[in-house]
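# Architecture at a glance
So you can see what is in the structure, the chains are spelled out below.
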Amino acid sequence: MNIQWYPGHMTKAKRAMKEDIKLIDLIIELVDARAPVSSRNPDIDDLAGNKARMVLLNKADLAGERGNDAWVSWFRDQGLQAVKLDSRSRAGLKQIQAAVLEACKEKTERDRKRGILNRPVRAMVVGIPNVGKSTFINSYAGKACARTGNKPGVTKGNQWIRLNKSLELLDTPGILWPRFESQEVGMHLALIGSINDQILDGEQLAMELIILLMDRYPEVLGERYGFENIEKETTGQGDILTHQEAAGILEKIGTVRGCLIKGGQCDRKKASDLLLDDFRSGRLGRITLEFPEEPEKSVG
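This one's a predicted model, so the numbers in the text were calculated from it and none came from an experiment. (Residues numbered from 1 in each chain as written. Predicted model: local features only at pLDDT ≥ 70, side-chain atom pairs only at ≥ 80, totals over all residues. Heavy atoms only, no water.)

Let's shift gears to the side chain of Ser139. Secondary-structure assignment places Ser139 in helix 6 (residues 133–141). Classification of Ser139 by relative accessible area gives buried; the value is 10%. From its side chain, Ser139 meets the backbone oxygen of Ser87 in a polar contact 2.5 Å long. Discounting chain neighbours no more than four positions away, the residues touching Ser139 are Ser87, Arg90 and Leu93. (Helix = DSSP H or I, 4+ residues; strand = E, 2+ residues; numbered from the N terminus. Buried < 20%, exposed > 50% of the residue type's maximum accessible area, 1.4 Å probe, protein only. Polar contact = N/O pair within 3.5 Å; in protein donor to acceptor, adjacent residues only side chain to side chain. Contact = heavy atoms within 4.5 Å.)

Structure (structure tokens):
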């Protein structure tokens, strides 16, 4: 799949972010815990300069616990404060204040030496579309401060939100980068819902998901859809499914779930939508798409 998506409003949002960087002390970057490398915008590193940084692995409830712990360790090894988070249930929120203080300790010490006491930390919340920035802010504030939605592009402009006397947050629109050099990155972003579904081939994406799941989580499809004996046939590439084999499994899913058209044939579009929704909602189980021990991907 050749996936690229960079609508014009993202260029404007990036320019606004560049202007606002000088106003803040800390960058809080949200990533999707299922794909923490793919969901990091490499442009943020250039924009951030020498600002303090921390990473929140949001939607950690949808990713495997082994992957979550591995990624927290990986980010900390890079010198970044990292916290796994489920913004919807508020799990992990209590750890954030301590992480903010640790990330900003040098700034706080500089203020103290200048006689500036109790000045709130001003943090910019950044991340790609649909990673959960606004949901995080609302959960952390304990009230609805930012617009939310289960699709990319809900936040349209920057918005300052004062949480308490010690922390102010700047909510920013989700932005991607102009070109994904690795198509695996593009596929991961499409799977987690960070790319507009209207530009995607849903059937092709569903087959890519089946290939990935059968390679890494071979039991989940049978468990979810109530059929057994899905076996990976040996191909010229080893145990990785071909697209034809993946299409056969997709049709089996559609048949089991009643995604049928006239004549009893599988409605592959409906079956694809069902499978992708089951993955994104966590109904397939907790699934991590990438792990830190894998070779680092080129993302920009």
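Next comes the rest of the description.
For the structure shown, the criterion picks out 5 aromatic pairs. Ring geometry for Trp71 and Phe75: centres 6.0 Å apart, planes at 35°, overall tilted. Remark: Phe75 and Trp71 occur in helix 3 (residues 65–77); sequence separation between them is 4 residues, near one turn of the helix. Overall, the relative accessible area of 0% leaves Phe75 in the buried class. Taking 5.6 Å as the distance between ring centres and 20° as the angle between the ring planes, the aromatic pair formed by Phe136 and Tyr140 counts as stacked. Note that Phe136 and Tyr140 are positioned in helix 6 at a spacing of 4 residues, about one turn of the helix. The same class applies to Phe136 as to Tyr140, namely buried. One aromatic cluster is present, built from ring pairs that chain together Trp71, Trp74 and Phe75. Directly above the aromatic system of Trp160 lies the positively charged group of Arg122, at a separation of 4.0 Å from the ring centroid. (Phe/Tyr/Trp six-rings, centres within 6.5 Å; stacked < 30°, edge-to-face > 60°. Lys NZ or Arg CZ within 6 Å of the ring centre and 35° of its normal.)

What follows deals with the pairing of strand 3 (residues 81–84). As defined by bridge partners, strand 2 (residues 52–58) adjoins strand 3 across 4 bridges and the pair is classed as parallel. The residue of strand 3 that forms the bridge with Val55 is Ala82. Once you follow strand 2 into helix 3 and on to strand 3, the crossover reads as right-handed. (Pairing = 2+ DSSP bridges. Right-handed = clockwise from strand over helix to strand, strands pointing away.)

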